[in-house]
Each structure stands twice: as structure tokens, then as C-alpha cells.
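Observations on the model geometry
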Amino acid sequence: MKIRLDILRRDSSEAAPYTQSFIYETDDENATVATALCDINSQAVIRDAEGNAAKPIKWQCSCLQKKCGACAMVINSKPRLACDAALKEFEKSGCVSLGPLRKFKNVADLMVDRSVMFDNLKALGAWLDDKTKADERTLDTAYDASRCLQCGCCLEVCPNFYPEGEFCGMSAAAPMSRLIAAMPKAQQRKAYKQYRAHIYEGCGKSLACRDICPAGIDIDAMLVNSNAAAVWKRRAWRKRGSD
């Protein structure tokens, strides 16, 4: 198998972007985009498709087993995990384009700064202050939400998310949904308020994130449960004078 990788590169966040191509050959039918990037960078002298010496490709990875989300990037115009993008998918065309996620600050090449996702979780207070027992009625939803990789693929396709905005996106909705299902009453009011302001009110319900999530989280079920708890039940309680 012979594949050309067209990579959108940038030496630093201040440098101008440029495209550089590499030819990758392998007999491994299970090779992925991550495999190709690792092998190219392991060469003593890296050369591009034209035979020119090239710098190592900067990108992020960790587990390479679709469990951490670190290798998220734009692959053929679609946000995906490099470790989950099989090269045989692109064998017919013979080429694949790679670029960094565009909703985050580009650090260099395919590396981006996704700290905004974690800053949002801190701002939302997405953690439990006290030990609590899981509610058996919401275990399935809580477990599904816990599988979020914090990769940022959902934010890449979301028409409502931008880093400076109030809407935190599905990368925040997932952990918040997990916590809402287990929070003690002492924490609920603050959590519900944050959820309504930074998730519910900003979501345009396009559900572009539903089909792009590499973990396959059931976004619909997650939102239905969280919206019911944080929005609709609260409104019903207020009408009864209980809020």
C-alpha cells in the first residue's frame, strides 16, 4: 500500500502555514494515519515527496488505541482520531490530507492547544464535592457520558461553539451529564444553573456532534436526561414555588 500524506504544517503558532507531502509505503493492512506519522518521524533522515529533507511532524498521541483522544486532527476535512483512521480507507484515491483541529489555537503542525475545554470544566465546577452513590436509574447514561475522550472532535463540527463564547459544547456537556445524574441536592442548584447557561441555552440542536463522536456516545439520550433534570424539572418546580 502506497499513500501520499498531504499535511498542513506550521513551524510555530506565529509562522505561516504551508502544505508538505510525504509518501508512505507499508504492507500492514491495519496501518493507520497514526502508524504512518510514527514511522515517518522515526526515520533517521525525513524526506518529503519531492526528496527534500523535512523536519519531524509535530502531532500529539498517547495510547494509540482510541481511548485518550490525544491524536484528534482533521483528516480529509473530517475531525477524527489518527489511530482510528485506517490507511486502507484512502488506498483507492492514493492520498489523504491532514490538518490540525481548527477551533483551537494551532501550536505547530498538527498540534493544537485544547486547554479551553479543561478551562470550561473548571468554570462549570464539573466535579463532585462529596462522596455520593450512583443512581441506578441513570447508570447507563452516566456510563455513556463517562466515555467522553475530551478529544475536541465534537467542537470542531459544532456551529455554535467558539473558544471565546459562553457555550461550552458537548465536551463539557458529557461530564456535566454524568455528574448531574449523581449530584447530591446541595450541589444541584449551582450545577443546573451552569448547565442551563453554558450548555442548554447555547446548543442549537444541530447534533453535528452525534455522528462525529469517536467514542460513539449516545448524544441524544445524554441531552434528553440532562435537559430533563436541569431545565424542565426545574421549571416545573418553579411553577410550584419550590425553586
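Residues numbered from 1 in each chain as written. Predicted model: local features only at pLDDT ≥ 70, side-chain atom pairs only at ≥ 80, totals over all residues. Heavy atoms only, no water.

A short note on the overall build of the chain
We count it as follows: To qualify as a helix, a DSSP run of H or I must reach at least 4 residues; to qualify as a strand, a run of E must reach at least 2; elements of each kind are numbered from the N terminus. Note on contacts: a residue pair qualifies if any of its non-hydrogen atoms lie within 4.5 Å across the two residues. For every accessible area listed, the method is Shrake-Rupley and the probe measures 1.4 Å; residues are considered covered only by the protein chains on display. Think of it this way: Lys and Arg go in the positive column, Asp and Glu in the negative one, and His and the chain ends go nowhere. Note that the charge is assigned to NZ on lysines, CZ on arginines, CG on aspartates and CD on glutamates.
Along the backbone of the chain there are eight helices and seven strands. In terms of its C-alpha atoms, the chain occupies a principal-axis envelope of roughly 75 × 35 × 30 Å. Sequence-distant contacts, at least 24 apart, represent 64% of the contacts inside the chain between residues at least 6 apart. Put simply, the chain shows about 13000 Å² of open surface, and 48% of that area lies on carbon and sulfur atoms. Distance from the positive charge centre (36 side chains) to the negative charge centre (30 side chains) of the chain: 9 Å.

Considering unusual backbone geometry
Glycine aside, residues mostly have negative phi angles, and peptide bonds mostly take the trans form. What counts here: Categorising residues by exposure relies on relative accessible area from a 1.4 Å probe, with only protein chains included: less than 20% of the type maximum marks a residue as buried, more than 50% marks it as exposed, and the intermediate range marks it as partly exposed.
Here the phi dihedral of Leu64 falls at roughly 55 degrees; this positive angle occurs in a residue that is not glycine. A residue is classified by how much of its surface remains accessible, and Leu64, at 36% relative accessible area, is partly exposed. With a phi angle near 70 degrees, Ser77 is a residue other than glycine that sits in the positive phi range. Considering the arrangement of structural elements, one finds Ser77 in the loop between β3 (72–75) and β4 (78–81). For Ser77, a relative accessible area of 60% puts it in the exposed group.

Some thoughts on the packing of helix α3 (residues 139–146) against helix α5 (residues 170–180)
What counts here: Helix axes use the C-alpha atoms of the stretch in contact, all axes being lines fitted to C-alpha atoms, and the angles between their N-to-C directions lie in the range 0 to 180 degrees. Relative orientations are named as follows: roughly parallel for angles under 35 degrees, roughly antiparallel for angles over 145 degrees, roughly perpendicular for angles from 65 to 115 degrees, and oblique for any other angle. By convention, the crossing between two helices is left-handed when the near helix turns anticlockwise from the far helix through less than a right angle, and right-handed when the turn is clockwise. Each residue gets one of three labels, nonpolar for Ala, Val, Leu, Ile, Met, Phe, Trp, Tyr, Cys and Pro, charged for Asp, Glu, Lys and Arg, and polar for the others, Gly among them.
As a packed pair, α3 and α5 sit with axes 8 Å apart at the nearest point and diverge in direction by 150 degrees. Judged by the inter-axis angle, α3 sits roughly antiparallel to α5. Handedness of the α3/α5 crossing: left-handed. Only Ala174, Ser177 and Arg178 of α5 make contact with α3, whose side of the interface consists of Ala142, Ala145 and Ser146. Broken down by class, the residue content of the contact of α3 with α5 amounts to three nonpolar, two polar and one charged.

Some remarks on the pattern of salt bridges
Spelled out, the test is: Counted as salt bridges are all cases of a side-chain nitrogen of Lys or Arg within 4 Å of a carboxyl oxygen of Asp or Glu.
For the coordinates displayed, the defined rule picks out eight salt bridges. We note a salt bridge from Arg210 to Asp220, for which the minimum N-O separation is 2.9 Å. Here Arg210, found in helix α7 (residues 208–212), pairs with Asp220, found in helix α8 (residues 219–239); they are ten residues apart in sequence, far enough to count as distant.

Details of a negative patch on the surface
To keep things clear, this is the line we draw: Exposure above 30% relative accessible area and no salt bridge define the residues that can form patches, which grow by joining like charges within 9 Å and nonpolar side chains of Val, Leu, Ile, Met, Phe, Trp and Tyr within 5 Å.
A cluster of acidic side chains, namely Glu25, Asp27, Asp28, Glu29, Asp39 and Glu91, defines a negative patch on the protein surface. Positionally, Asp27 belongs in the loop between β2 (18–25) and α1 (33–41). Overall, Asp27 belongs to the exposed group, its relative accessible area being 79%.

Concerning the packing of aromatic side chains
How we decide: Ring pairs are drawn from Phe, Tyr and Trp, using the six-membered ring of Trp, whenever the two centres fall within 6.5 Å, and their geometry is named by plane angle: stacked under 30 degrees, edge-to-face over 60, tilted for the rest. Charge-over-ring placement is defined geometrically: NZ (Lys) or CZ (Arg) within 6 Å of the ring centre, and within 35 degrees of the ring normal.
In this structure the tally under the stated criterion is zero aromatic pairs. In this structure, Lys205 is placed above the aromatic ring of Tyr200, and the distance from its NZ or CZ to the ring centre is 4.7 Å.

Considering helix α2 (residues 115–124)
Going by this rule: Summarising the geometry, the arc corresponds to the directions from the helix axis toward the C-beta atoms.
Within the sequence span of α2, burial applies to Val116, Met117, Asn120, Leu121 and Leu124. One face of α2 carries all of its buried residues, which in axial projection span an arc of 145 degrees. Every exposed residue of α2 that faces more than 90 degrees away from the buried side is listed here: Lys122 and Ala123. In this fold, the buried residues of α2 make contact with α4 (153–157), α5 and α6 (185–200). Backbone geometry just downstream of α2 places Gly125 in the positive-phi region, at approximately 65 degrees.

So, the nonpolar core
Applied cut-off: What makes a nonpolar core is a set of buried Ala, Val, Leu, Ile, Met, Phe, Trp, Tyr and Cys residues whose side-chain atoms join them at distances within 4.5 Å.
Leu5, Val33, Leu37, Met73, Leu98 and Met170 are the most contacted members of the largest nonpolar core, which totals 72 residues. No other element matches the seven residues that α5 contributes to this core. In this structure, Leu5 is in contact with Gln20, Ser21, Phe22, Tyr24, Ala36, Leu37, Ile40, Val96 and Leu98, ignoring residues within four places of it in sequence.

Description of the pairing of strand β6 (residues 105–108)
To keep it simple, the criterion reads: Strand pairing requires that DSSP identify at least two bridges connecting the strands.
Where β6 and strand β7 (residues 111–113) come together, three bridges link them in antiparallel fashion. Bridged to Ala108 within β7 is Met111. The antiparallel pairing of β6 with β7 creates a hairpin that spans two residues between the two strands, and Asp109 there sits at a positive phi of about 50 degrees.

Quick notes on the sheet that holds β4
With mixed pairing, the five strands of this open sheet are ordered in space as β2-β1-β5-β3-β4. Every interior strand has two partners, whereas the edge strands, β2 and β4, have only one. Strand-to-strand, the axes of this sheet are offset by a mean angle of 35 degrees, without reference to chain direction. Sitting on the sheet, α1 touches β1 (2–9), β2, β3 and β5 (95–99), and the angle it makes with β2 is about 95 degrees.

Worth remembering: the numbers are spatial, not functional.
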